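Letter by letter, the chains look like this.
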Amino acid sequence: MQDFTADLVLRGGTVVSGNASFAADVAIKDGLIAAVGAPGSMPPARESLDVTGQWVLPGAIDVHVHFREPGYTHKEDWETGSAAAAMGGTTTVFEMPNTDPPTRSAAELRAKQEAARKSYVDFGLYGLLAEDNLEELEGLVAAGANAFKCFMGNTFGNLPSPSTGAMLEGFEILAKHGLRISLHAEEYSIMANRTRRLAEAGRNDPLDHLKARPAIVAVEAVGRAAALAEWTGARVHVLHISSAAELRPLAEAKARGVDITGETCPCYLLLDSRDYGRVGSVIRVNPPVREASDSEAIWHAIRSGLVDMIATDHAPHTPEEKRQDVIWRADCGFPGVETQMPLMLSQVAAGRITIEDYVRMSAEAPARAFGLWPAKGRIAPGAQADIAVVDPQRREVIRAERLHSRGKITPFEGVEVTGVPVHTLVRGRFVQRDRKLVADAKGWGRQVTDIQRMPPAKPQNADLAINALAPRRGKDAA
Ligand code: DOR
Ligand code: ZN
(Lines give C-alpha, C1' and ligand atoms only; values in the text may rest on other atoms or scores of the structure.)
(Ligands and ions follow the chains in the order given, each with its own letter.)
Protein backbone atom coordinates (compact mmCIF):
# COMPACT_ATOMS: atom_id res chain seq x y z
CA MET A 1 0.00 0.00 0.00
CA GLN A 2 1.31 3.42 -0.86
CA ASP A 3 1.32 6.25 1.63
CA PHE A 4 -0.79 8.92 0.01
CA THR A 5 -4.46 9.46 -0.74
CA ALA A 6 -5.22 9.67 -4.43
CA ASP A 7 -7.83 11.99 -5.88
CA LEU A 8 -9.18 9.28 -8.15
CA VAL A 9 -8.51 5.63 -8.90
CA LEU A 10 -9.66 4.01 -12.14
CA ARG A 11 -10.23 0.40 -11.16
CA GLY A 12 -10.37 -2.76 -13.22
CA GLY A 13 -9.56 -1.45 -16.68
CA THR A 14 -7.02 -2.38 -19.35
CA VAL A 15 -4.22 0.17 -19.72
CA VAL A 16 -2.90 0.55 -23.25
CA SER A 17 0.41 1.92 -24.50
CA GLY A 18 1.95 1.89 -27.97
CA ASN A 19 3.31 -1.61 -27.48
CA ALA A 20 1.35 -3.33 -24.72
CA SER A 21 -2.03 -3.75 -23.02
CA PHE A 22 -2.30 -4.93 -19.44
CA ALA A 23 -4.83 -5.12 -16.61
CA ALA A 24 -4.02 -2.32 -14.19
CA ASP A 25 -5.51 0.23 -11.85
CA VAL A 26 -4.52 3.86 -12.27
CA ALA A 27 -4.23 6.36 -9.40
CA ILE A 28 -4.39 10.09 -10.09
CA LYS A 29 -3.26 12.86 -7.78
CA ASP A 30 -2.88 16.60 -8.38
CA GLY A 31 -3.46 16.20 -12.10
CA LEU A 32 -0.71 13.63 -12.55
CA ILE A 33 -0.71 9.87 -12.81
CA ALA A 34 0.60 8.82 -9.40
CA ALA A 35 0.63 5.05 -9.79
CA VAL A 36 -0.17 2.31 -12.28
CA GLY A 37 -0.26 -1.19 -10.88
CA ALA A 38 -1.82 -4.52 -10.22
CA PRO A 39 -5.55 -4.46 -9.58
CA GLY A 40 -6.15 -3.81 -5.90
CA SER A 41 -2.68 -2.39 -5.16
CA MET A 42 -3.63 1.28 -5.31
CA PRO A 43 -3.56 3.72 -2.38
CA PRO A 44 -6.80 4.91 -0.80
CA ALA A 45 -8.64 7.46 -2.93
CA ARG A 46 -11.25 10.14 -2.54
CA GLU A 47 -13.07 8.66 -5.52
CA SER A 48 -12.92 5.30 -7.16
CA LEU A 49 -14.40 4.55 -10.58
CA ASP A 50 -15.02 1.03 -11.79
CA VAL A 51 -13.87 0.76 -15.41
CA THR A 52 -14.03 -3.01 -15.72
CA GLY A 53 -14.18 -4.10 -19.33
CA GLN A 54 -12.98 -0.72 -20.53
CA TRP A 55 -9.72 0.54 -22.00
CA VAL A 56 -7.69 3.27 -20.33
CA LEU A 57 -5.91 5.12 -23.15
CA PRO A 58 -3.77 8.23 -23.18
CA GLY A 59 -6.07 10.94 -24.54
CA ALA A 60 -5.68 11.62 -28.24
CA ILE A 61 -3.33 14.44 -29.24
CA ASP A 62 -4.67 15.98 -32.43
CA VAL A 63 -2.05 18.24 -34.00
CA HIS A 64 -4.39 19.51 -36.72
CA VAL A 65 -7.62 21.33 -35.83
CA HIS A 66 -9.24 24.55 -37.06
CA PHE A 67 -11.30 26.19 -34.31
CA ARG A 68 -12.01 29.30 -36.44
CA GLU A 69 -11.77 31.93 -33.71
CA PRO A 70 -11.18 34.79 -34.34
CA GLY A 71 -13.06 35.54 -37.53
CA TYR A 72 -15.18 32.58 -38.57
CA THR A 73 -17.08 31.86 -35.37
CA HIS A 74 -20.28 31.03 -37.26
CA LYS A 75 -18.43 27.78 -38.13
CA GLU A 76 -16.78 27.05 -34.74
CA ASP A 77 -15.18 28.74 -31.75
CA TRP A 78 -12.89 27.65 -28.96
CA GLU A 79 -15.77 26.62 -26.71
CA THR A 80 -17.58 24.45 -29.26
CA GLY A 81 -14.42 23.04 -30.84
CA SER A 82 -12.83 22.07 -27.55
CA ALA A 83 -16.15 20.61 -26.32
CA ALA A 84 -16.12 18.40 -29.42
CA ALA A 85 -12.56 17.36 -28.57
CA ALA A 86 -13.53 16.50 -24.97
CA MET A 87 -16.45 14.40 -26.23
CA GLY A 88 -14.15 12.64 -28.68
CA GLY A 89 -11.50 11.55 -26.16
CA THR A 90 -9.02 14.17 -27.41
CA THR A 91 -7.18 15.88 -24.58
CA THR A 92 -4.77 18.14 -26.50
CA VAL A 93 -5.25 19.95 -29.81
CA PHE A 94 -2.87 22.04 -31.91
CA GLU A 95 -4.86 24.81 -33.56
CA MET A 96 -4.23 26.23 -37.03
CA PRO A 97 -3.50 29.84 -37.98
CA ASN A 98 -5.91 30.34 -40.94
CA THR A 99 -8.31 32.36 -38.82
CA ASP A 100 -9.25 35.98 -39.56
CA PRO A 101 -6.92 37.62 -38.89
CA PRO A 102 -4.40 34.83 -39.43
CA THR A 103 -1.95 34.11 -36.60
CA ARG A 104 1.02 35.77 -38.26
CA SER A 105 2.40 38.02 -35.47
CA ALA A 106 2.89 38.03 -31.72
CA ALA A 107 -0.11 40.33 -31.23
CA GLU A 108 -2.31 37.94 -33.20
CA LEU A 109 -1.00 34.98 -31.23
CA ARG A 110 -1.85 36.78 -28.00
CA ALA A 111 -5.40 37.39 -29.27
CA LYS A 112 -5.72 33.69 -29.94
CA GLN A 113 -4.37 32.82 -26.49
CA GLU A 114 -7.14 35.04 -25.12
CA ALA A 115 -9.83 33.30 -27.23
CA ALA A 116 -8.50 29.89 -26.18
CA ARG A 117 -9.07 30.64 -22.49
CA LYS A 118 -12.50 28.99 -22.93
CA SER A 119 -10.95 25.66 -23.92
CA TYR A 120 -12.01 22.42 -22.24
CA VAL A 121 -8.82 20.70 -23.39
CA ASP A 122 -5.13 21.54 -23.46
CA PHE A 123 -3.80 23.13 -26.60
CA GLY A 124 -0.87 24.25 -28.68
CA LEU A 125 -1.07 27.17 -31.08
CA TYR A 126 0.38 27.39 -34.56
CA GLY A 127 2.01 30.51 -35.89
CA LEU A 128 1.93 31.17 -39.63
CA LEU A 129 5.00 31.00 -41.85
CA ALA A 130 4.16 33.15 -44.88
CA GLU A 131 5.85 35.18 -47.59
CA ASP A 132 5.48 38.45 -45.74
CA ASN A 133 5.91 37.68 -42.04
CA LEU A 134 9.52 36.44 -41.75
CA GLU A 135 10.24 39.41 -39.49
CA GLU A 136 7.50 38.22 -37.15
CA LEU A 137 8.72 34.65 -36.62
CA GLU A 138 11.04 35.37 -33.68
CA GLY A 139 8.26 37.35 -32.02
CA LEU A 140 5.80 34.52 -32.52
CA VAL A 141 8.27 32.11 -30.91
CA ALA A 142 8.81 34.46 -27.97
CA ALA A 143 5.04 34.88 -27.52
CA GLY A 144 4.65 31.10 -27.23
CA ALA A 145 3.87 29.62 -30.65
CA ASN A 146 4.16 25.83 -30.28
CA ALA A 147 4.66 25.04 -33.95
CA PHE A 148 4.39 26.71 -37.35
CA LYS A 149 2.15 26.15 -40.35
CA CYS A 150 3.20 26.71 -43.93
CA PHE A 151 0.48 26.66 -46.61
CA MET A 152 2.39 25.51 -49.71
CA GLY A 153 -0.98 25.38 -51.45
CA ASN A 154 -4.17 27.29 -50.97
CA THR A 155 -7.12 26.12 -48.93
CA PHE A 156 -9.80 27.70 -46.76
CA GLY A 157 -8.87 31.32 -46.05
CA ASN A 158 -6.88 31.48 -49.29
CA LEU A 159 -3.66 32.47 -47.60
CA PRO A 160 -1.09 32.93 -50.37
CA SER A 161 1.54 30.22 -50.47
CA PRO A 162 5.08 31.44 -49.77
CA SER A 163 7.80 31.28 -52.39
CA THR A 164 10.53 28.67 -51.96
CA GLY A 165 12.84 31.56 -51.08
CA ALA A 166 10.67 32.66 -48.17
CA MET A 167 10.24 29.06 -47.02
CA LEU A 168 14.02 28.56 -46.94
CA GLU A 169 14.50 31.67 -44.85
CA GLY A 170 11.65 30.73 -42.52
CA PHE A 171 13.10 27.23 -42.08
CA GLU A 172 16.52 28.75 -41.26
CA ILE A 173 14.99 30.90 -38.53
CA LEU A 174 12.83 28.17 -37.02
CA ALA A 175 15.51 25.45 -37.09
CA LYS A 176 17.32 27.35 -34.32
CA HIS A 177 14.27 26.97 -32.10
CA GLY A 178 13.56 23.36 -33.00
CA LEU A 179 9.83 24.00 -33.36
CA ARG A 180 8.16 21.77 -35.92
CA ILE A 181 6.85 23.27 -39.17
CA SER A 182 3.68 21.59 -40.39
CA LEU A 183 3.14 21.66 -44.12
CA HIS A 184 0.01 21.88 -46.15
CA ALA A 185 1.97 20.01 -48.80
CA GLU A 186 0.13 20.72 -52.05
CA GLU A 187 1.95 22.70 -54.74
CA TYR A 188 -0.06 25.80 -55.55
CA SER A 189 0.49 26.47 -59.25
CA ILE A 190 -0.41 22.99 -60.48
CA MET A 191 -3.73 23.17 -58.66
CA ALA A 192 -4.48 26.72 -59.74
CA ASN A 193 -3.85 25.81 -63.35
CA ARG A 194 -5.92 22.62 -63.30
CA THR A 195 -8.77 24.24 -61.42
CA ARG A 196 -8.94 27.07 -63.94
CA ARG A 197 -8.87 24.63 -66.89
CA LEU A 198 -11.65 22.51 -65.40
CA ALA A 199 -13.84 25.48 -64.48
CA GLU A 200 -13.37 27.00 -67.96
CA ALA A 201 -14.51 23.69 -69.46
CA GLY A 202 -17.67 23.86 -67.33
CA ARG A 203 -16.65 20.95 -65.13
CA ASN A 204 -18.36 21.48 -61.77
CA ASP A 205 -18.88 18.05 -60.22
CA PRO A 206 -17.52 16.84 -56.89
CA LEU A 207 -15.09 14.48 -58.65
CA ASP A 208 -13.65 17.42 -60.59
CA HIS A 209 -12.19 18.62 -57.29
CA LEU A 210 -10.13 15.42 -57.19
CA LYS A 211 -9.04 15.97 -60.82
CA ALA A 212 -7.88 19.49 -59.97
CA ARG A 213 -5.44 18.19 -57.38
CA PRO A 214 -3.64 15.12 -58.76
CA ALA A 215 -1.18 13.54 -56.32
CA ILE A 216 1.76 15.17 -58.09
CA VAL A 217 0.84 18.32 -56.13
CA ALA A 218 1.75 16.45 -52.94
CA VAL A 219 4.76 14.64 -54.40
CA GLU A 220 6.28 17.95 -55.49
CA ALA A 221 5.53 19.70 -52.20
CA VAL A 222 6.74 16.90 -49.89
CA GLY A 223 9.93 16.49 -51.90
CA ARG A 224 10.66 20.22 -51.96
CA ALA A 225 9.88 20.77 -48.28
CA ALA A 226 12.03 17.77 -47.33
CA ALA A 227 14.93 19.20 -49.32
CA LEU A 228 14.62 22.53 -47.51
CA ALA A 229 14.34 20.76 -44.15
CA GLU A 230 17.43 18.70 -44.92
CA TRP A 231 19.35 21.78 -46.01
CA THR A 232 18.44 23.85 -42.95
CA GLY A 233 17.99 21.20 -40.25
CA ALA A 234 14.40 22.35 -39.64
CA ARG A 235 11.90 19.83 -38.26
CA VAL A 236 8.89 19.33 -40.50
CA HIS A 237 5.57 17.51 -40.44
CA VAL A 238 3.49 16.52 -43.47
CA LEU A 239 -0.17 17.18 -42.76
CA HIS A 240 -3.08 15.09 -44.10
CA ILE A 241 -1.29 12.49 -46.24
CA SER A 242 -3.81 11.50 -48.93
CA SER A 243 -1.91 9.63 -51.66
CA ALA A 244 0.22 6.58 -52.26
CA ALA A 245 2.58 8.64 -54.40
CA GLU A 246 3.68 11.08 -51.68
CA LEU A 247 4.73 8.19 -49.43
CA ARG A 248 7.85 7.79 -51.54
CA PRO A 249 9.37 11.25 -50.97
CA LEU A 250 8.39 10.88 -47.30
CA ALA A 251 10.15 7.52 -47.00
CA GLU A 252 13.20 8.78 -48.87
CA ALA A 253 13.48 11.83 -46.62
CA LYS A 254 13.23 9.67 -43.50
CA ALA A 255 15.89 7.36 -44.90
CA ARG A 256 18.20 10.35 -45.39
CA GLY A 257 17.74 11.29 -41.75
CA VAL A 258 15.51 14.32 -42.25
CA ASP A 259 13.50 15.09 -39.09
CA ILE A 260 10.17 14.63 -40.85
CA THR A 261 6.91 13.15 -39.57
CA GLY A 262 3.60 12.54 -41.28
CA GLU A 263 -0.06 12.26 -40.39
CA THR A 264 -3.16 11.01 -42.11
CA CYS A 265 -6.80 11.58 -41.23
CA PRO A 266 -9.76 9.18 -41.05
CA CYS A 267 -11.28 10.40 -44.33
CA TYR A 268 -8.21 9.25 -46.32
CA LEU A 269 -8.43 5.79 -44.74
CA LEU A 270 -12.20 5.31 -44.79
CA LEU A 271 -13.46 7.11 -47.91
CA ASP A 272 -12.40 6.95 -51.56
CA SER A 273 -13.45 8.13 -55.02
CA ARG A 274 -16.46 5.82 -55.00
CA ASP A 275 -17.99 7.92 -52.21
CA TYR A 276 -18.18 11.19 -54.16
CA GLY A 277 -21.51 10.31 -55.77
CA ARG A 278 -23.17 9.32 -52.50
CA VAL A 279 -21.75 12.11 -50.32
CA GLY A 280 -21.74 14.91 -52.93
CA SER A 281 -20.10 18.25 -52.29
CA VAL A 282 -19.81 17.59 -48.53
CA ILE A 283 -16.82 15.36 -49.33
CA ARG A 284 -14.79 18.32 -50.65
CA VAL A 285 -11.59 18.61 -48.63
CA ASN A 286 -7.99 19.66 -49.28
CA PRO A 287 -6.21 17.50 -50.15
CA PRO A 288 -9.00 15.50 -51.75
CA VAL A 289 -10.19 12.02 -50.86
CA ARG A 290 -8.51 9.85 -53.54
CA GLU A 291 -8.66 6.32 -54.95
CA ALA A 292 -9.13 3.08 -53.02
CA SER A 293 -5.55 2.16 -53.96
CA ASP A 294 -4.34 5.34 -52.20
CA SER A 295 -6.16 4.52 -49.00
CA GLU A 296 -4.86 0.93 -49.13
CA ALA A 297 -1.28 2.26 -49.39
CA ILE A 298 -1.86 4.61 -46.44
CA TRP A 299 -3.21 1.71 -44.37
CA HIS A 300 0.08 -0.11 -45.01
CA ALA A 301 2.02 3.02 -44.12
CA ILE A 302 0.29 3.52 -40.77
CA ARG A 303 0.91 -0.10 -39.83
CA SER A 304 4.58 0.17 -40.76
CA GLY A 305 5.01 3.52 -39.01
CA LEU A 306 6.02 5.39 -42.16
CA VAL A 307 2.97 7.58 -41.51
CA ASP A 308 3.47 8.40 -37.86
CA MET A 309 0.17 9.65 -36.59
CA ILE A 310 -3.56 10.19 -36.91
CA ALA A 311 -4.91 13.73 -36.84
CA THR A 312 -8.20 15.12 -38.09
CA ASP A 313 -7.88 18.41 -39.98
CA HIS A 314 -11.04 19.26 -38.02
CA ALA A 315 -12.50 21.91 -40.37
CA PRO A 316 -16.14 22.75 -39.67
CA HIS A 317 -18.35 24.71 -42.05
CA THR A 318 -22.12 25.34 -42.17
CA PRO A 319 -24.48 23.12 -44.23
CA GLU A 320 -25.08 26.04 -46.63
CA GLU A 321 -21.34 26.47 -47.14
CA LYS A 322 -20.89 22.74 -47.82
CA ARG A 323 -23.96 21.99 -49.99
CA GLN A 324 -23.26 23.60 -53.34
CA ASP A 325 -24.17 22.57 -56.89
CA VAL A 326 -20.93 23.97 -58.27
CA ILE A 327 -18.14 22.11 -56.49
CA TRP A 328 -15.75 25.09 -56.63
CA ARG A 329 -18.13 27.02 -54.33
CA ALA A 330 -18.27 24.39 -51.57
CA ASP A 331 -16.03 25.15 -48.59
CA CYS A 332 -13.36 22.50 -48.01
CA GLY A 333 -13.19 20.25 -44.96
CA PHE A 334 -15.49 18.95 -42.24
CA PRO A 335 -15.40 18.38 -38.48
CA GLY A 336 -13.38 15.42 -37.22
CA VAL A 337 -12.13 15.88 -33.69
CA GLU A 338 -15.22 14.26 -32.14
CA THR A 339 -15.47 11.32 -34.54
CA GLN A 340 -11.81 10.35 -34.99
CA MET A 341 -11.55 8.04 -32.00
CA PRO A 342 -14.84 6.16 -32.56
CA LEU A 343 -14.07 5.78 -36.28
CA MET A 344 -10.56 4.45 -35.62
CA LEU A 345 -11.66 2.22 -32.71
CA SER A 346 -14.15 0.69 -35.14
CA GLN A 347 -11.17 -0.22 -37.31
CA VAL A 348 -9.56 -1.81 -34.27
CA ALA A 349 -12.79 -3.76 -33.71
CA ALA A 350 -12.69 -4.83 -37.36
CA GLY A 351 -9.09 -6.08 -36.94
CA ARG A 352 -7.44 -3.65 -39.35
CA ILE A 353 -5.07 -2.27 -36.68
CA THR A 354 -4.40 -3.18 -33.07
CA ILE A 355 -5.34 -0.99 -30.13
CA GLU A 356 -1.60 -0.55 -29.46
CA ASP A 357 -1.12 0.71 -33.04
CA TYR A 358 -3.91 3.17 -32.40
CA VAL A 359 -2.36 4.51 -29.19
CA ARG A 360 1.01 4.85 -30.90
CA MET A 361 -0.58 6.94 -33.67
CA SER A 362 -3.13 8.94 -31.70
CA ALA A 363 -1.05 9.82 -28.62
CA GLU A 364 2.56 8.64 -28.46
CA ALA A 365 3.79 9.79 -31.86
CA PRO A 366 2.23 13.27 -31.73
CA ALA A 367 3.51 13.74 -28.15
CA ARG A 368 7.04 12.87 -29.27
CA ALA A 369 7.02 14.87 -32.51
CA PHE A 370 5.67 18.03 -30.92
CA GLY A 371 7.74 17.93 -27.73
CA LEU A 372 5.04 16.94 -25.22
CA TRP A 373 6.61 13.58 -24.34
CA PRO A 374 7.09 12.39 -21.58
CA ALA A 375 4.60 14.74 -19.86
CA LYS A 376 1.78 13.71 -22.21
CA GLY A 377 0.94 10.77 -24.46
CA ARG A 378 1.30 7.90 -21.98
CA ILE A 379 -0.32 6.30 -18.95
CA ALA A 380 2.66 6.11 -16.60
CA PRO A 381 3.65 7.56 -13.22
CA GLY A 382 4.63 11.20 -13.51
CA ALA A 383 2.74 11.88 -16.72
CA GLN A 384 -0.16 14.31 -16.83
CA ALA A 385 -3.45 12.48 -16.31
CA ASP A 386 -4.85 13.01 -19.83
CA ILE A 387 -7.01 9.95 -20.28
CA ALA A 388 -9.72 8.58 -22.55
CA VAL A 389 -11.65 5.74 -20.94
CA VAL A 390 -13.12 3.75 -23.80
CA ASP A 391 -15.94 1.24 -23.94
CA PRO A 392 -14.73 -0.94 -26.81
CA GLN A 393 -18.14 -2.55 -27.28
CA ARG A 394 -20.36 0.49 -27.18
CA ARG A 395 -22.10 1.27 -30.47
CA GLU A 396 -23.27 4.66 -31.61
CA VAL A 397 -24.40 6.16 -34.88
CA ILE A 398 -22.70 9.36 -36.02
CA ARG A 399 -25.37 12.04 -36.41
CA ALA A 400 -24.68 15.69 -37.09
CA GLU A 401 -27.18 16.81 -34.46
CA ARG A 402 -25.27 14.91 -31.77
CA LEU A 403 -21.95 16.59 -32.53
CA HIS A 404 -20.73 19.46 -30.35
CA SER A 405 -19.12 21.46 -33.14
CA ARG A 406 -21.03 24.42 -34.50
CA GLY A 407 -20.45 23.35 -38.12
CA LYS A 408 -21.72 19.77 -37.87
CA ILE A 409 -22.13 18.56 -41.41
CA THR A 410 -19.97 15.45 -41.98
CA PRO A 411 -19.42 12.81 -44.67
CA PHE A 412 -19.65 10.20 -41.88
CA GLU A 413 -23.34 10.92 -41.25
CA GLY A 414 -25.16 7.70 -40.38
CA VAL A 415 -22.03 5.58 -39.89
CA GLU A 416 -22.29 3.11 -37.02
CA VAL A 417 -19.19 2.99 -34.82
CA THR A 418 -18.03 0.40 -32.31
CA GLY A 419 -15.88 1.76 -29.48
CA VAL A 420 -16.56 5.11 -27.88
CA PRO A 421 -14.77 7.23 -25.24
CA VAL A 422 -17.09 7.26 -22.23
CA HIS A 423 -14.96 9.52 -20.01
CA THR A 424 -12.27 12.07 -20.85
CA LEU A 425 -9.88 13.51 -18.27
CA VAL A 426 -7.52 16.42 -18.81
CA ARG A 427 -4.83 16.72 -16.13
CA GLY A 428 -6.95 14.63 -13.79
CA ARG A 429 -10.20 16.50 -14.26
CA PHE A 430 -13.26 15.09 -16.04
CA VAL A 431 -14.11 17.18 -19.09
CA GLN A 432 -16.47 14.48 -20.39
CA ARG A 433 -18.20 11.99 -18.09
CA ASP A 434 -20.61 9.24 -19.09
CA ARG A 435 -20.93 10.70 -22.61
CA LYS A 436 -21.84 14.13 -21.23
CA LEU A 437 -19.80 17.28 -21.42
CA VAL A 438 -18.77 18.55 -17.96
CA ALA A 439 -19.90 22.14 -18.41
CA ASP A 440 -17.93 23.63 -15.54
CA ALA A 441 -14.67 22.31 -17.00
CA LYS A 442 -14.94 25.05 -19.60
CA GLY A 443 -11.71 27.04 -19.38
CA TRP A 444 -9.75 24.18 -17.76
CA GLY A 445 -7.59 23.73 -20.84
CA ARG A 446 -4.24 25.48 -20.96
CA GLN A 447 -1.46 25.99 -23.43
CA VAL A 448 1.26 23.33 -23.43
CA THR A 449 4.14 25.81 -23.55
CA ASP A 450 5.28 24.89 -20.01
CA ILE A 451 5.88 21.22 -20.81
CA GLN A 452 7.00 21.45 -24.42
CA ARG A 453 10.64 20.54 -25.01
CA MET A 454 11.90 21.19 -28.53
CA PRO A 455 15.67 21.53 -28.33
CA PRO A 456 17.29 23.43 -31.19
CA ALA A 457 17.54 21.31 -34.31
CA LYS A 458 21.02 20.58 -35.63
CA PRO A 459 21.21 23.38 -38.19
CA GLN A 460 22.76 22.48 -41.51
CA ASN A 461 24.43 25.08 -43.70
CA ALA A 462 23.91 27.70 -40.99
CA ASP A 463 26.92 29.61 -42.31
CA LEU A 464 25.02 30.09 -45.57
CA ALA A 465 21.80 31.21 -43.88
CA ILE A 466 20.56 34.63 -44.85
CA ASN A 467 20.98 35.97 -41.31
CA ALA A 468 24.61 34.81 -41.18
CA LEU A 469 25.62 36.58 -44.37
CA ALA A 470 27.64 39.63 -43.35
CA PRO A 471 26.32 42.93 -44.63
CA ARG A 472 28.37 44.35 -47.49
CA ARG A 473 30.89 47.00 -46.68
CA GLY A 474 32.46 49.86 -48.57
CA LYS A 475 31.07 51.29 -51.75
CA ASP A 476 28.62 48.40 -52.29
CA ALA A 477 26.90 49.02 -48.96
CA ALA A 478 23.35 50.31 -49.10
O1 DOR B 1 -10.11 21.07 -46.52
C2 DOR B 1 -9.44 21.76 -45.78
N3 DOR B 1 -10.02 22.68 -44.99
N4 DOR B 1 -8.13 21.58 -45.76
C5 DOR B 1 -7.32 22.41 -45.07
O6 DOR B 1 -6.13 22.20 -45.10
C7 DOR B 1 -7.88 23.57 -44.35
C8 DOR B 1 -9.26 23.34 -43.98
C9 DOR B 1 -10.01 24.56 -43.49
O10 DOR B 1 -9.46 25.39 -42.78
O11 DOR B 1 -11.23 24.65 -43.78
ZN1 ZN C 1 -6.04 21.83 -42.03
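Scroll up to find the structure this text is about.
Residues numbered from 1 in each chain as written. Chains lettered and ligands numbered in written order. Predicted model: local features only at pLDDT ≥ 70, side-chain atom pairs only at ≥ 80, totals over all residues. Heavy atoms only, no water.

### A closer look at the pairing of strand E9 (residues 147-151)
Along E9, five of the five residues are buried, which leaves the element largely enclosed by surrounding structure. Burial along E9 is two-sided: Ala 147, Lys 149 and Phe 151 facing one way and Phe 148 and Cys 150 facing the other are all buried. When strand E8 (residues 122-128) meets E9, the two strands line up parallel, connected through three bridges. Looking at the pairing, Tyr 126 lines up with Ala 147 of E9. Of the crossover connections in this fold, the one passing from E8 over helix H3 (residues 137-143) to the parallel E9 is right-handed. Where E9 lies against strand E10 (residues 181-184), four bridges are found, and the strand directions are parallel. Note on E10: the bridge partner recorded for Cys 150 is Leu 183. (Buried < 20%, exposed > 50% of the residue type's maximum accessible area, 1.4 Å probe, protein only. Helix = DSSP H or I, 4+ residues; strand = E, 2+ residues; numbered from the N terminus. Pairing = 2+ DSSP bridges. Right-handed = clockwise from strand over helix to strand, strands pointing away.)

### Comments concerning the packing of aromatic side chains
According to the stated counting rule, one finds five aromatic pairs in the structure shown. For the pair Phe 67 and Trp 78, a centre-to-centre distance of 5.1 Å together with 85° between the ring planes defines the contact as edge-to-face. With a gap of 11 residues between them, Phe 67 in the loop between strand E6 (60-65) and helix H1 (78-87) and Trp 78 in helix H1 connect regions that are remote in the sequence. Under the relative-accessibility criterion, Phe 67 is labelled buried at 0%. The buried category is assigned to Trp 78, whose relative accessible area is 0%. (Phe/Tyr/Trp six-rings, centres within 6.5 Å; stacked < 30°, edge-to-face > 60°.)

### Observations regarding the site of ligand 1
In the vicinity of ligand 1 lie 14 residues, with Arg 68, Asn 98, His 184, Asn 286 and Cys 332 positioned nearest. A distance of 2.8 Å is found between an oxygen atom of ligand 1 and a side-chain nitrogen or oxygen belonging to Arg 68. A distance of 3.5 Å is found between an oxygen atom of ligand 1 and a side-chain nitrogen or oxygen belonging to His 240. Its free accessible area being 290 Å², ligand 1 has 100% of it covered by the protein chains. Considered class by class, the residues forming the shell around ligand 1 number four nonpolar, eight polar and two charged. (Near = heavy atom within 4 Å. Polar contact = N/O pair within 3.5 Å; in protein donor to acceptor, adjacent residues only side chain to side chain. Areas by Shrake-Rupley, 256 points an atom, 1.4 Å probe, with all protein chains shown as cover. Nonpolar A, V, L, I, M, F, W, Y, C, P; charged D, E, K, R; others polar.)

### Considerations on helix H8 (residues 247-255)
Of all the residues in H8, the buried ones are Leu 247, Pro 249, Leu 250 and Ala 253. Viewed end-on, H8 has its buried residues packed into an arc of 165°, placing them on one side of the element. Turned more than 90 degrees from where H8 packs its buried face, Arg 248 and Ala 255 sit exposed. In this structure, the buried residues of H8 make contact with helix H7 (216-232), strand E11 (236-238), strand E12 (260-264) and helix H11 (292-304). Gly 257 occupies a position one or two residues after H8 and carries a positive phi of about 90°. (Arc of directions from axis to C-beta. Contact = heavy atoms within 4.5 Å.)

### Re the environment of Ser 273
Take Ser 273: it is sitting in the loop between helix H9 (266-270) and helix H10 (276-279). What makes Ser 273 buried here is its relative accessible area of 16%. C-alpha of Ser 273 to C-alpha of Lys 176: the two residues are 97 residues apart in sequence and 42 Å apart in space. Those residues within four positions of Ser 273 in sequence are excluded, and the remaining contacts are Leu 207, Leu 210, Val 289, Arg 290 and Glu 291. A polar side-chain atom of Ser 273 sits 2.7 Å from a polar atom in the side chain of Glu 291.

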